[in-house]
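# Descriptive structure summary
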There are 2 protein chains.
Amino acid sequence: MVRVRLQDVAARAGVSVKTVSNVVNGYRHVAPDTRARVQLVLDEMGYRPNLAARNLRAGRTGVIALALPDLDNPYFAELTGSVVRAAEKHGLTVLVDQTEGLRDRELEVVEGFRNHLIDGLVMSPMALRAKDLTGRAAVDIPVVLLGEKFGAGAVDHVAIDNVAAAEAATAHLVALGRTRIAVVGDQPGSRRRSGVAHLRRQGWERALTAAGLDVDERLVAPVPAFDRQHGAAAVAALLDDGARPDALFCFNDTLAIGALRLLADRGIDVPGDVAVIGIDDVAEGRFAVPTLSTVAPDKAGIARTAVAMLAERLDPASEQRPPRDVRAGFELVARESTLGRSASAVSAVRAAAAVPPPRGTAR
Amino acid sequence: MVRVRLQDVAARAGVSVKTVSNVVNGYRHVAPDTRARVQLVLDEMGYRPNLAARNLRAGRTGVIALALPDLDNPYFAELTGSVVRAAEKHGLTVLVDQTEGLRDRELEVVEGFRNHLIDGLVMSPMALRAKDLTGRAAVDIPVVLLGEKFGAGAVDHVAIDNVAAAEAATAHLVALGRTRIAVVGDQPGSRRRSGVAHLRRQGWERALTAAGLDVDERLVAPVPAFDRQHGAAAVAALLDDGARPDALFCFNDTLAIGALRLLADRGIDVPGDVAVIGIDDVAEGRFAVPTLSTVAPDKAGIARTAVAMLAERLDPASEQRPPRDVRAGFELVARESTLGRSASAVSAVRAAAAVPPPRGTAR
DNA sequence: ATGAAAGCGCTAACAG
DNA sequence: CTGTTAGCGCTTTCAT
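None of the values given here were measured: they were computed from a predicted structure. (Residues numbered from 1 in each chain as written. Chains lettered and ligands numbered in written order. Predicted model: local features only at pLDDT ≥ 70, side-chain atom pairs only at ≥ 80, totals over all residues. Heavy atoms only, no water.)

Another point: the protein's contact with DNA strand D. The environment of DNA strand D is formed by 25 residues, the closest being Tyr47(A), Arg57(A), Thr19(B), Ala31(B) and Thr34(B). What you see for DNA strand D is that sugar and phosphate hold 67% of its atoms within 4 Å of the protein. One of the side-chain nitrogen or oxygen atoms of Asn25(A) is found 3.5 Å away from a phosphate oxygen of DNA strand D. With respect to DNA strand D, the backbone of Asn50(A) contributes an N or O atom lying 3.1 Å from a phosphate oxygen. When contributions to the surface near DNA strand D are tallied by element, the ones reaching two or more residues are helix H2 (17–24) and helix H4 (51–58) of chain A together with helix H2 (17–24) and helix H4 (51–58) of chain B. (Near = heavy atom within 4 Å. Polar contact = N/O pair within 3.5 Å; in protein donor to acceptor, adjacent residues only side chain to side chain. Helix = DSSP H or I, 4+ residues; strand = E, 2+ residues; numbered from the N terminus.)

A separate point is the domain arrangement of chain A. The figure often quoted for interface size is the accessible area lost as the parts come together. Residues and elements named next belong to chain A. Domain annotation for chain A reports domain 1 (57–159 + 299–328) and domain 2 (162–297 + 331–350). Taking only C-alpha atoms, the centre of domain 1 and the centre of domain 2 are 29 Å apart. On the side of domain 2, 15 residues touch domain 1, which itself brings 13 residues to the contact. Roughly 1,000 Å² of surface becomes buried between domain 1 and domain 2 when both sides are summed, with 44% attributable to carbon and sulfur atoms. At the boundary of domain 1 and domain 2, one finds zero salt bridges. Across the domain 1-domain 2 interface, the total number found is four residue pairs in polar contact (both at pLDDT 80 or more). Among the elements that make up the side of domain 1 that touches domain 2, the one with the highest residue count is helix H5 (residues 74–89) (three residues). (Domains from an automatic or database assignment. Contact = heavy atoms within 4.5 Å. Buried area = accessible area lost by both parts, 1.4 Å probe. Salt bridge = Lys/Arg side-chain N within 4 Å of Asp/Glu carboxyl O.)

A few words on helix H6 (residues 103–110) of chain A. Among all positions in H6(A), only Arg105(A), Glu106(A), Leu107(A), Val109(A) and Val110(A) are buried. Looking at the packing, one finds that the buried side of H6(A) touches strand E1 (63–68), strand E2 (93–98) and strand E3 (120–123) of chain A together with helix H5 (74–89) of chain B. Gly112(A) sits one or two positions beyond H6(A) and adopts a positive phi of about 70 degrees. (Buried < 20%, exposed > 50% of the residue type's maximum accessible area, 1.4 Å probe, protein only.)

Counting residues at the interface gives 59 residues for chain A and 57 residues for chain B. Of the roughly 4,900 Å² buried between chain A and chain B, counting both surfaces, carbon and sulfur atoms make up 55%. In this assembly, chain A and chain B are joined by eight salt bridges. Residue Arg105(A) pairs with Glu88(B) through a salt bridge whose shortest N-O separation is 3.1 Å. Broken down by secondary-structure element, the contributors of at least two residues to the side of chain A that touches chain B are helix H3 (32–45), H4, H5, E2, helix H9 (228–240), helix H10 (253–265) and helix H11 (283–287) of chain A. Among the elements that line the side of chain A that touches chain B, the one with the most residues is H5(A), at seven residues. Here the residues of the side of chain A that touches chain B sort into 25 nonpolar, 14 polar and 20 charged. (Nonpolar A, V, L, I, M, F, W, Y, C, P; charged D, E, K, R; others polar.)

Another point: the pairing of strand E2 (residues 93–98) of chain B. When a strand is regular, its side chains alternate between the sheet's two faces. Most of E2(B) sits inside the fold, with six of its six residues counted as buried. Burial along E2(B) is two-sided: Thr93(B), Leu95(B) and Asp97(B) and Val94(B), Val96(B) and Gln98(B), pointing in opposite directions, are all buried. Sheet topology note: the E2(A)/E2(B) ladder contains three bridges and is antiparallel. Across the sheet, Val94(A) pairs through a bridge with Val96(B), a residue of E2(B). Inspection of the sheet shows strand E1 (residues 63–68) of chain B paired to E2(B) by six bridges, in the parallel sense. Across the sheet, residue Ile64(B) finds its bridge partner in E2(B), namely Val94(B). What joins E1(B) to E2(B) is H5(B), and the crossover it makes is right-handed. (Pairing = 2+ DSSP bridges. Right-handed = clockwise from strand over helix to strand, strands pointing away.)

Turning our attention to the nonpolar core. Residues Val184(A), Leu248(A), Phe249(A), Val276(A), Leu248(B), Phe249(B) and Val276(B) are the most contacted members of the largest nonpolar core, which totals 159 residues. For Leu248(B), the residues in contact, after removing those within four places along its chain, are Leu173(B), Ala182(B), Val184(B), Val235(B), Leu238(B), Ala259(B), Leu263(B), Val274(B), Ala275(B), Val276(B) and Ile277(B). Formed by 35 residues, the second largest nonpolar core is a distinct cluster that contains Val63(A), Ala65(A), Ala67(A) and Leu121(A). (Core = buried A, V, L, I, M, F, W, Y, C linked by side-chain atoms within 4.5 Å.)

Quick look at the relation of the copies chain A and chain B now. When chain A is fitted to chain B, the residual RMSD is 0.1 Å, and the transformation amounts to a turn of 180 degrees plus an axial shift of 0.0 Å. Both chain copies can therefore be described as sitting about a two-fold axis. Judged by C-alpha distance, Leu95(A) is the residue of chain A that lies nearest the rotation axis, at 2.0 Å. Mapped onto chain B, 97% of the interface residues of chain A are again interface residues, and the two copies thus contact each other with one and the same surface. (Least-squares fit on C-alpha atoms with pLDDT ≥ 70 in both.)

Read from one edge to the other, the open sheet built from 12 strands follows the order E11(A)-E5(A)-E4(A)-E3(A)-E1(A)-E2(A)-E2(B)-E1(B)-E3(B)-E4(B)-E5(B)-E11(B), with strand pairing classed as mixed. A single partner strand is all that each edge strand has here, and the edge strands are strand E11 (325–328) of chain A together with strand E11 (325–328) of chain B. Averaged over all pairs of adjacent strands, the angle between their axes in this sheet comes to 20 degrees, without regard to strand direction. Across four bridges, the pairing between strand E5 (residues 156–160) of chain A and E11(A) is parallel. What sits directly across from His157(A), in E11(A), is Asp325(A). (Axes fitted to C-alpha atoms, helices over the stretch in contact; angles between N-to-C directions.)

With respect to the helices and strands, Arg228(A) occurs in helix H9. Those residues in contact with Arg228(A) that lie beyond four places of it in its chain are Pro74(A), Thr254(A), Ile257(A), Gly258(A), Glu284(A), Ala283(B), Glu284(B) and Phe287(B).

To continue, consider the pattern of salt bridges. Per the counting criterion, the structure on display carries 44 salt bridges over all chains. Taking the shortest distance from any N to any O, the salt bridge between Arg201(B) and Asp186(B) comes out at 3.1 Å. With a gap of 15 residues between them, Arg201(B) in helix H8 (residues 196–210) and Asp186(B) in strand E6 (residues 181–186) connect regions that are remote in the sequence. Per residue, the accessibility class of Arg201(B) equals that of Asp186(B), and both read buried. Each of Asp156(A), Glu312(A), Arg313(A), Arg321(A) and Arg324(A) takes part in one network of salt bridges that share partners.

Now the structure itself:
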């Protein structure tokens, strides 16, 4: 409970503050015996550096923020776990901000209300616009964007190729002979070209077109949010409207889980009557009944890359390069919800190459 | 961007640093016109306080740490979301530490390696021992323990009554006429009396005894960890050993999800052949097929209480009371995995009252 | 190899 | 009502 300062240790050890500091920080030029003596006192007194002071001095805190909509979404929860692990390897700690996908809260984060408390920001934006990142109040720390992208190359960005991922998912359904492939998760309200929903829809259309299938608007189920509840509701609405899909491409796994649940309620066989596929490869899908086919983004890779890019920008020694746009890898994982019980073995059908993370990692 | 200090603003506004500080902090005694003028300059220059400096000065940071095993576990992910939300209301930010349930990492956290960077700690321990909290290197900031408890009343503690919750789950199965009720999640290796697994097993035994049923060791499935994978594996082992349970009480929902998956693989009907119940009420269970019966702890309440207790100890104005032991509420939620399709409506069968935060040590 | 002193940006005395 | 000053605990010149 007692606070022990460098000064206190110095007094007791009969040396100067500087020497103690040197020992604490493992500086070279300290006489072995001095070092030993100081270390002893250090241990005896249970010295702990005051990070606030150290930060003030150093101008950096060793803390980065991770801003995302919601930890209740398993994809973000899993991603957070990966980011925390990756950050740790760079000697960084992660502070979590939940924005609920609200523009105001995302703005708050970007405008740096955590000023000088964090060195950098990893953010998964939902409602932000390009101009928000360039306003005068905008953030003065390095930022890495996850998922959505906007403002052509203003800041670093890591994501899978959403169009390609959606195309792969749809093509998988096509390959299984499905012809009335509905999408669950459209968000017509968001006009932004870069919005995840928009991109995934684009991939769907592309795959249909490539297969010579029509893009039928009646097979498009919009949702207000990417969660289980709205996945179920959207599919219910789709069916109630008389659509007769033989497959559902859900824009993420959580929507797909909701879809599976609703189909079970209605006694519709998966994949017999309707095949289902999602995107994200959350652990939940691997244990769902039936197990969920999905497009698996390289979450750990995304996290590692994002943190490494941030760490590089935090390193004053590294020259500042222009913002990068890194494409993470993904692979199609076909499970029971498209292949049926017979092929319950996980089968990796396709992989996309990832742009490797930037050079250099920390200690 | 440019760093703007109080000093810079003061110079430009033609006032002293103190006055600017007063304006920033909304002090009363500032002449309206002075305030207006300073505010203008503040906005013009885009001043942002340096929190590191403020923290050094104030001796507190407004950041608390949440240490838990793993965000991949949906229970902890959901809990984290609640803690972040609760903390926000107290003006606190949350920094996440993943301990992986490892004693070394838990120790590190408790020994305050984040010294002076966090004001308090909320921790869900797995491997810590009582003495770890009292060692000389131990933490010098307020701590609130979640879930497991040890070291009789050394620090604040919030949890449901694990024995009662397990008893309620088991009693529910008994009430449905099940007689060969297995448990999934025993951890015989952990001898600690307070371990969650130990307590839940105790509740199971108590309910069996109350119902006049035997405690059959062959119906006890141990697991190395509380996740889906080990839930499935444990049930597989149980069945392969020739046990013939007609119900499974899983020590948490994640184990139960794994169990459901394995039962589906083996073509065993739930709840026809085997009823299944868990504890935690994770969102995943509400959409599982079949939906998972569970004991729902008041997660939001736990988070709010934990943060409130921490906030109180952080407030220098509040007198220090002895460590409290708060019991959070829970309720049994019966769904399809015990009631079958017919009763798919969620039915709250029982609720336990939460001991409110006030003073007075619970037992 | 070690010490003395300055100062990171802020707020809390204490003056005026 | 506003200005001056003294640190919070640490690292870092600059001396020695």
